[in-house]
Structures are given as structure tokens and as C-alpha cells.
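One letter stands for each residue in the lines below.
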Amino acid sequence: MELVSQSQSFGGTQSVYRHRSEACAAEMTFGLYLPPVARTRPVPLLWYLSGLTCTHENAMIKAGLQKYASEHDLAVVFPDTSPRGEGVADDQAYDLGQGAGFYVNATQKPWARHFRMYDYVVSELPALLQKELPLNGVFGITGHSMGGHGALTIAFRNPETFRSLSAFAPIVNPTRSDWGRKQFSAYLGDDEAHWAKHDACLLLADLGWNGDILIDQGSSDQFLEQLRPEAMARLMAERRQPGMLRMQAGYDHSYYFVASFAEDHVRWHAERLKAA
């Protein structure tokens, strides 16, 4: 891990690191917040997965998680949303290619060589962080929009790794959304049977979740048709899945929305990770 920058924040440190990723065959950059108590003992880690067009930097600067992470003794990691750089496939559209990895392992050309964000988040980066930093091995996961999709699907498939779960305005049913069908077809091919393991609604119906879930969604979100929160609300009710899907009146899809409920989400994770 190469340290790119480091600043003090709420008594802890906000750092940016760069490293060579074997999973993505590229240089990857991530942000990492360590609370003050990490100087004396290992702490739990909250993963924040960002949305379309974002880098590691957007949530690190705009979501306002550091203050609450400091208060609740949590580290927070902000991975990038895709591999980047010369030689990494891209597309002119904002919702495909660099900045739009969708947290899947691509199987189709030209994406398959680099776009392996599922392996990066589930296996490679956790192992690196656990080796290099004062972490106690207890992880929670959250994210926004495409990152909320990533948080839900990754947690449902890896409950032994991620012990607490929340999301901000997640894409919950991508196999039935314009934010999903286009990308899954490009990354995974046209056989929709391969898409199911990356759809939060289909995974919850198939696998369930052994904890509770917190989802916040703005009622004035300009992307409600792509996010499809009603599909998750119906499914949680049908399965009697513990948790809350809160429609927040007047909020849109922006980081103003995320920052408004950041404290609730950090507290949610802190309570569950400390119990774990």
C-alpha cells in the first residue's frame, strides 16, 4: 500500500492509498478513515460503496461519515467504483465502463480482464486491509445507488464476512431496471440466468439475510424508476424480513441526502458490529 495523502479528521486520520490489484489487473485507489481509538486497539470496519461516476473521493469528502465513525470507534473504507487507467476498457456513456463497475466480475470482452470488482471488494481488498491496518476482522457494509446495489448483493452472498447491512437509495432490482440490464448484458452476457446473483431482490428471495436491514430512500429521488424501492419493500414484507425501508419525504438522490442520514447509518452499524 502506497500512502498518497493523509489528514487529521475528528481526531482520527483520513488517508488515501494506492496499490496494485491482482483482481482488477490495475492500480487501484481507496480512501480509509481510522478513528482515534485505532491508535490503541483494533476496530471494526464499515465499507462504503459509491455510485455511478464516483471515485473513492466523492463519499470521502461529501458523505460526512468521519465525525460519526470517530464517535462510534469505526474505521471506514471508500473503494473506487471500477478499475481505471490506460489500457482499461471504457465507454462514452456515464453508466458503463470506468466509474460504473457495478460490483460484478465481468465475463465478456473487453471488460473481463479488469472489471472484477466483486472479487476486489469481497476478497482482495479485505485481505490487504486486515493485514496492514489495525482492524479486528468485523465488517459491515453500506453504499449509495449502484453502491447500495453492491452492498446488498455482496452482503447477501457473504454473510460470514459482512455482519451488518444498510443502503442509501440502492438499485434493488437491476434485472428489471435500465440501471442493470444494460450493464449486465455488457459485463455478463445476454443469458439472464447469470444476472440473478447480482440482483438484491432475487438474492433476498433465494438466500434471505440473517440480520436486519436499513434502507433509506428519498421520496423526491429523480431516479426512482431505475432504483425500484417498491420491489424491495414488497419482498421484505412478504418474507417478514427484519429491517426498515424508510421513504424520506422531499429528499433527492444527491449527497445532501446521504449526509442527512449518515449518522443513523453509522450508529446502526456500530451497534451491530460491536455486538458481533
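A short tour of the structure in this document, coming up.

### Focus: the packing of helix H4 (residues 146–157) against helix H6 (residues 200–207)
A packed helix pair is summarised by two numbers, namely the angle formed by the two axes and the spacing between the axes. Put simply, H4 and H6 touch, their axes get as near as 9 Å, and they point 20° apart. Relative to H6, the element H4 lies roughly parallel. Read as a crossing pair, H4 and H6 show a hand that is left-handed. Only Ala 200, Leu 203, Leu 204 and Leu 207 of H6 make contact with H4, whose side of the interface consists of Leu 152, Thr 153, Phe 156 and Arg 157. Class assignment for the residues of the contact of H4 with H6 results in six nonpolar, one polar and one charged.

### Side note on the sheet that holds strand S6 (residues 135–143)
Within a sheet, each strand pairs with its neighbour through backbone hydrogen bonds, oriented either parallel or antiparallel. The strand order across the open sheet formed by nine strands is S1-S2-S3-S5-S4-S6-S7-S8-S9, and the pairing between neighbours is mixed. Single-partner strands in this sheet number two, and they are strand S1 (2–9) and strand S9 (243–248). On average, adjacent strands in this sheet sit at an angle of 20° to one another, irrespective of strand direction. Sheet analysis places S6 next to strand S7 (residues 162–168), joined by three bridges and oriented parallel. The residue of S7 that forms the bridge with Gly 140 is Ser 164. Running at roughly 145° to S9, helix H8 (residues 229–239) makes contact with strand S8 (213–218) and S9 of the sheet. Packed on one face of the sheet, helix H9 (residues 255–275) meets strand S4 (43–49), S6, S7, S8 and S9 and runs near 165° to S7.

### A few points about the pattern of salt bridges
Under the defined criterion, the tally for this structure stands at 14 salt bridges. Of the charged contacts in the structure, one is a salt bridge between Arg 176 and Glu 192, with a shortest N-O distance of 3.9 Å. With a gap of 16 residues between them, Arg 176 in the loop between S7 and helix H5 (178–188) and Glu 192 in the loop between H5 and H6 connect regions that are remote in the sequence. Between Arg 267 and Glu 263 there is a salt bridge; the shortest N-O distance is 3.2 Å. Note that Arg 267 and Glu 263 are positioned in helix H9 at a spacing of four residues, about one turn of the helix.

### Topic: H9
The first and last C-alpha atoms of H9 sit 29 Å apart over 21 residues, in line with the 30 Å expected at 1.5 Å per residue. The axis of H9 is deflected most strongly, by about 50°, at Phe 261. Sitting at the head of H9, Ser 254 places a side-chain oxygen 3.2 Å from the backbone nitrogen of Tyr 256.

### Quick look at the packing of aromatic side chains
Geometry of an aromatic ring pair is reported as the spacing of the ring centres plus the angle between the planes. Following the criterion strictly, the structure yields 17 aromatic pairs and no others. For the ring pair Phe 168 and Phe 257, a centre distance of 6.3 Å and an interplane angle of 85° mean the geometry is edge-to-face. Placement of Phe 168 in strand S7 and of Phe 257 in helix H9 is noted, with a sequence separation of 89 residues between them. Relative accessible area serves as the criterion here: at 0%, Phe 257 is assigned to the buried category. Measuring from centroid to centroid gives 5.9 Å for Phe 184 and Trp 195, while their planes differ by 65°, and the two rings are edge-to-face. Of this pair, Phe 184 sits in helix H5 while Trp 195 is found in the loop between H5 and H6, placing the two residues 11 residues apart along the sequence. Each member of the pair Phe 184 and Trp 195 is classed as buried. An aromatic cluster is present here, built from Tyr 48, Phe 78, Phe 168, Tyr 251, Phe 257 and Phe 261 joined pairwise through their rings. Over the ring of Trp 268 we find Arg 272, and its NZ or CZ is 3.5 Å from the ring centre.

Procedures and definitions
Residues numbered from 1 in each chain as written. Predicted model: local features only at pLDDT ≥ 70, side-chain atom pairs only at ≥ 80, totals over all residues. Heavy atoms only, no water. Axes fitted to C-alpha atoms, helices over the stretch in contact; angles between N-to-C directions. Helix = DSSP H or I, 4+ residues; strand = E, 2+ residues; numbered from the N terminus. Parallel < 35°, antiparallel > 145°, perpendicular 65-115°, else oblique. Left-handed = near helix turned anticlockwise from the far one by under 90°. Contact = heavy atoms within 4.5 Å. Nonpolar A, V, L, I, M, F, W, Y, C, P; charged D, E, K, R; others polar. Pairing = 2+ DSSP bridges. Salt bridge = Lys/Arg side-chain N within 4 Å of Asp/Glu carboxyl O. Expected span 1.5 Å × (residues − 1). Bend = angle between axes of the 7 residues up to and from the residue. Polar contact = N/O pair within 3.5 Å; in protein donor to acceptor, adjacent residues only side chain to side chain. Phe/Tyr/Trp six-rings, centres within 6.5 Å; stacked < 30°, edge-to-face > 60°. Buried < 20%, exposed > 50% of the residue type's maximum accessible area, 1.4 Å probe, protein only. Lys NZ or Arg CZ within 6 Å of the ring centre and 35° of its normal.

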